[in-house]
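# Coordinates in review
Spelled out, the chains give:
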Amino acid sequence: MTDPRLSPLTRRAFLTGGAALGALPLGITRALGQQGEADVIIIGAGAAGISAARRIAEAGRSYVLIEATNRVGGRTVTDTALFGVPFDLGAARLNMPAARPMAAYGRAEGLDITRAPEGGRLYVNGREARDTDYEAFVATVRRAERAIGAAGDAGRDMPAARALPDLGPWGPSARFVVGPIGCAKELDQVSTVDFSRADEREGEEICRQGIGTLVAQLARPLTVRLETVARSVELTGRLVTVQTNKGTIQGRSVVVAVPPSVIASGRLRILPFQPRYRTAVEKITLGAYDHIAFRLPRNPASLAADETLYFKADGARAYMMRARIGGGDLYTLDVAGDTAAGLANAAPEAAAAFAREALTREFGADTAARMGKVHATRWSKEPYALGAFSCALPGYGNMRRAFIETVGGRMVFAGEHAHETLWGTVGGAWLSGERAARQVLGLIGVRSG
C-alpha cells in the first residue's frame, strides 16, 4: 500500500545507504461451497487475508475468503495497461526481513525479485547535493527520528511534531521524510508511541513483475469470492454471521482483514462492537500516500534503474521520486500527507501540473516539456481502502494492540494496521494474517505450528 506505500522509508536504509514458503497444493485448499458453514470466514483478499487463508487451508480446515472488489491484492495491485509495463499502483517494495518468506516464494515461482538500490540521491536547487548537503540532511533526519523515538520510548504519547527540536534549514525536508513518507501523515497527526515502536527495516526488494503480481500469485491456489461485499459481521448467535451483497455466510470464526477506515466509515458493521475496538478503528487511521506516474524519455539526469531521489524542500509541498522503474522511462513522483490529500481532492489535472512544476524546478523546463502520459493514484478515494497505510493518531499509540486481540471469542483482525511494529508494510500485513490464522485455529480447537 501505498504505497499508498505499504513500505515506508526505512531509517537504516536511508541513513546508511528466510525460509521459502512452500507452494500450497491446490488439492488442500478446503474452500467451502455455496452452502454450509465454514470453519473460518475471511473478509478481504489483500496480503493479510491471503496469508490467513493459506495457513487455514494448510491446517486442513474450511474457509470462505471474500473480497469486495473484482481482484485480489487490496492495496497491492500491479497495472500493465496504463504504461505497457508493470506499474505498482500501491505498495511498490518489500521491506526486509519481514517479507523474506514472500520474496522466497516469488523467486520459487519464477518472479524476478532483486534488492532495491540502497539509500537515495539528494538534489538541491536543480543539482545533485554536495557531500556537506548529504551530511546535513542525514544528520537532520537522524535528529528528528531520535527526538520522536525518545518521546515515544518514554511513554509520552503526543504529536510527533511537538517532540522535534529546531531542525534548521533542512527541517522541512527531514519532516517530510520522517512524517509523510514514513507515516503517510504530517507529524502533528503522528503518535510518538506508534512511531517509536516501528521496527527498523533492513533494506528493500523489488519485484520486476510488480508487488501486486507477487501477491496475486500467492492467492492463486485459493478460492476467492470476488465482488462479494461484506456489510455486517454478527457475533451474537451460535455461529458468526456475515451479511453480504450476495447473501449470508456463516462460520465458526471470522478474520476481518480490511482497513480500519472501512469499518470506521460504516461500510462494514460489527455487531456488537465494543467501545475499545471502535476507538481503535477511529484512531488508527490511514494516511495519504500517492504516486504520480509519468513517462520521461532520454534519462535527463543520467539516473540508474530504480533509483530514489530526495529533494531539498523549502515548504510544505515536498515530494520524492522513483526513477526509471524497471530500467525503463517510467517515473513516479511520490506525494504524501497533506499534499497527497489535497491533490486527491483536486481536479484530475492537478497532479500532472504538480509533477510538471516539480520537474521544472528540479531539472529545468526542457525536461518538464518531455514529460509524457501521466497517471495519479488517489488511494484516499478508493472505497474499500480510504487511505494508503495506517499510523496512530497522537494519544492512541497503544490502541494498535486492540487489533491483535481476540474479539468475542470468535473474531480477529488482520492487516498492516494489525501489526504493532511492522505497520505500513506488505510484510507486516502478511505476518498479521499468519498470526490471525493461528488465533482462529486455536479458537476452533486446532493446534497450529
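Residues numbered from 1 in each chain as written. Predicted model: local features only at pLDDT ≥ 70, side-chain atom pairs only at ≥ 80, totals over all residues. Heavy atoms only, no water.

## Topic: the overall build of the protein
What counts here: Secondary structure is summarised from DSSP: a helix means a run of H or I of at least four residues, a strand means a run of E of at least two, and numbering begins at the N terminus for each. Note on method: radius of gyration uses C-alpha positions; expected globular size equals 2.2 Å times residues raised to 0.38. Relative accessibility decides the category of a residue: with a 1.4 Å probe and only protein chains considered, values under 20% of the type maximum give buried, values over 50% give exposed, and everything between is partly exposed.
Along its length, the protein carries 13 helices and 22 strands. Since a compact globule built from 449 residues should have a radius of gyration of about 22 Å, the 21 Å found for the protein is in line with a globular shape. Dimensions along the principal axes, computed over C-alpha positions, put the protein at roughly 65 × 50 × 45 Å. Looking at the protein residue by residue over its 449 residues, the buried ones come to 57%.

## Section: the sheet that holds strand 18 (residues 320-323)
Within a sheet, each strand pairs with its neighbour through backbone hydrogen bonds, oriented either parallel or antiparallel. To keep it simple, the criterion reads: Here, strands pair whenever DSSP counts at least two bridges between them. Contacts are assigned to residue pairs with any non-hydrogen atoms lying within 4.5 Å of each other. Axes, fitted as lines to C-alpha atoms, cover a helix only where it is in contact. Angles between the N-to-C directions of the axes lie from 0 to 180 degrees.
An order of 8-7-17-18-19-16-20 is seen for the seven strands of this open sheet, with the pairing classed as mixed. Looking at which strands have only one partner, the edges of the open sheet turn out to be strand 8 (127-128) and strand 20 (374-376). Packing against the sheet, helix 10 (residues 337-345) makes contact with strand 16 (289-295) and strand 19 (330-336), and its axis sits at approximately 105° to strand 19. Packing against the sheet, helix 11 (residues 349-363) makes contact with strand 7 (121-124), strand 16, strand 17 (307-311), strand 18, strand 19 and strand 20, and its axis sits at approximately 70° to strand 16.

## A closer look at the pattern of salt bridges
Inclusion rule: Salt bridges are counted wherever a side-chain nitrogen of Lys or Arg sits within 4 Å of a carboxyl oxygen of Asp or Glu.
Considering all chains together, one arrives at 21 salt bridges under this definition. Residue Arg220 pairs with Glu109 through a salt bridge whose shortest N-O separation is 2.6 Å. In this pair, Arg220 is assigned in the loop between helix 7 (211-219) and strand 10 (224-225) and Glu109 in the loop between helix 3 (100-108) and strand 6 (113-115), connecting sequence segments 111 residues apart. For Arg121, the salt bridge is made with Glu307, and the minimal N-O distance between the two is 2.9 Å. Placement of Arg121 in strand 7 and of Glu307 in strand 17 is noted, with a sequence separation of 186 residues between them. Since its relative accessible area comes to 12%, Glu307 is described here as buried. Because the salt bridges share partners, they merge into one network encompassing Asp39, Arg61 and Arg252.

## What to know about the nonpolar core
Our working rule: By convention a nonpolar core is built from buried Ala, Val, Leu, Ile, Met, Phe, Trp, Tyr and Cys residues, the set being connected through side-chain atoms within 4.5 Å.
Within the largest apolar cluster, 41 residues are counted, with the highest numbers of intra-cluster contacts made by Ile42, Ile56, Tyr63, Leu94, Met102, Leu214 and Val255. At the level of elements, strand 1 (37-43), helix 2 (47-58), strand 2 (63-66), helix 3, helix 7 and helix 13 (426-443) are the ones that each hand at least two residues to this core. The next biggest cluster of nonpolar side chains, apart from the first, holds 35 residues, and it includes Leu122, Ala174, Val190 and Phe389.

## Quick notes on the pairing of strand 11 (residues 230-234)
Pairing of strand 11 with strand 12 (residues 240-244), which is carried by four bridges, proceeds in the antiparallel orientation. Bridge pairing links Glu234 to Thr241 in strand 12. Hairpin connection of strand 11 to strand 12: five residues between the antiparallel strands. Two elements, strand 11 and strand 14 (residues 269-271), share three bridges in a ladder whose sense is parallel. Residue pairing for strand 14: Glu234 is matched across the bridge by Leu271.

## Notes on the sheet that holds strand 9 (residues 204-207)
Across the sheet, which stays open at both edges, the three strands sit in the order 5-9-6 with antiparallel pairing between neighbours. Strands at the two margins of the open sheet, each flanked by one partner only, are strand 5 (94-95) and strand 6. Inspection of the sheet shows strand 5 paired to strand 9 by two bridges, in the antiparallel sense. In the sheet register, Asn95 faces strand 9, and the bridge partner there is Glu204.

## Here we look at the confidence of the model for the protein
Short version of the rule: pLDDT measures the predictor's confidence residue by residue and takes values from 0 up to 100.
Model confidence for the protein is summarised by a mean pLDDT of 91, while 92% of its residues fall at 70 or above. Contacts for the low-pLDDT stretch residues 1-29, under 50 throughout, to residues beyond four places or in other chains number 120 contacts.

## Details of the side chain of Lys185
For clarity, the threshold we go by: Positive charges are assigned to Lys and Arg, negative charges to Asp and Glu, while His and the chain termini are left out of the count. Any pair of nitrogen or oxygen atoms within 3.5 Å is treated as a polar contact; in protein, a donor-acceptor pairing is required on top of that, and neighbouring residues in sequence qualify only through side-chain atoms on both sides.
Mapped onto the elements of the fold, Lys185 is located in the loop between helix 5 (171-183) and helix 6 (192-197). Look at Lys185: it is buried, it has no salt bridge, and the nearest opposite charge is Asp194 at 7.2 Å. Of the polar contacts made by the side chain of Lys185, one reaches the side chain of Thr285; its length is 2.5 Å. Ignoring sequence-local partners within four residues, the contact set of Lys185 consists of Gly179, Pro180, Val190, Thr285, Leu286, Gly287, Gly337, Cys391, Ala392 and Leu393.

## Overview of the packing of aromatic side chains
Let me state the cut-off plainly: Stacked, edge-to-face and tilted labels apply to pairs of Phe, Tyr and Trp rings (six-membered ring for Trp) whose centres lie within 6.5 Å, assigned for plane angles under 30 degrees, over 60, and everything in between, in that order. As a reminder, the over-ring test applies to NZ of lysine and CZ of arginine, requiring each to be within 6 Å of the ring centre and within 35 degrees of the ring normal.
On inspection of all chains with the given rule, the structure shows twelve aromatic pairs. Ring geometry for Tyr319 against Phe354: centres 5.9 Å apart, planes inclined by 90°, an arrangement best described as edge-to-face. Placement of the pair is Tyr319 in the loop between strand 17 and strand 18 and Phe354 in helix 11, with a sequence separation of 35 residues. Taken individually, Tyr319 and Phe354 each receive the classification buried, so the pair is uniform in this respect. Within the aromatic cluster, the residues linked to one another by ring pairs are Tyr123, Phe311, Tyr319, Phe354 and Phe363. The positively charged end of Lys373 is found above the aromatic ring belonging to Phe83, 5.6 Å away from the centroid.

## A few points about helix 2
So the rule is basically this: Between the first and last residue of a helix there are one fewer steps than residues, each counted as 1.5 Å, and that sum is the expected span.
Spanning twelve residues, helix 2 covers 17 Å between terminal C-alpha atoms, matching the ideal 16 Å at 1.5 Å per step. By the criterion of burial, helix 2 is predominantly enclosed, with eleven of the twelve residues buried. Within the span of helix 2, buried status applies to Ala47, Ala48, Gly49, Ile50, Ser51, Ala52, Ala53, Arg54, Arg55, Ile56 and Ala57. Two residues or fewer past helix 2, Gly60 is found with a positive phi of approximately 80°.

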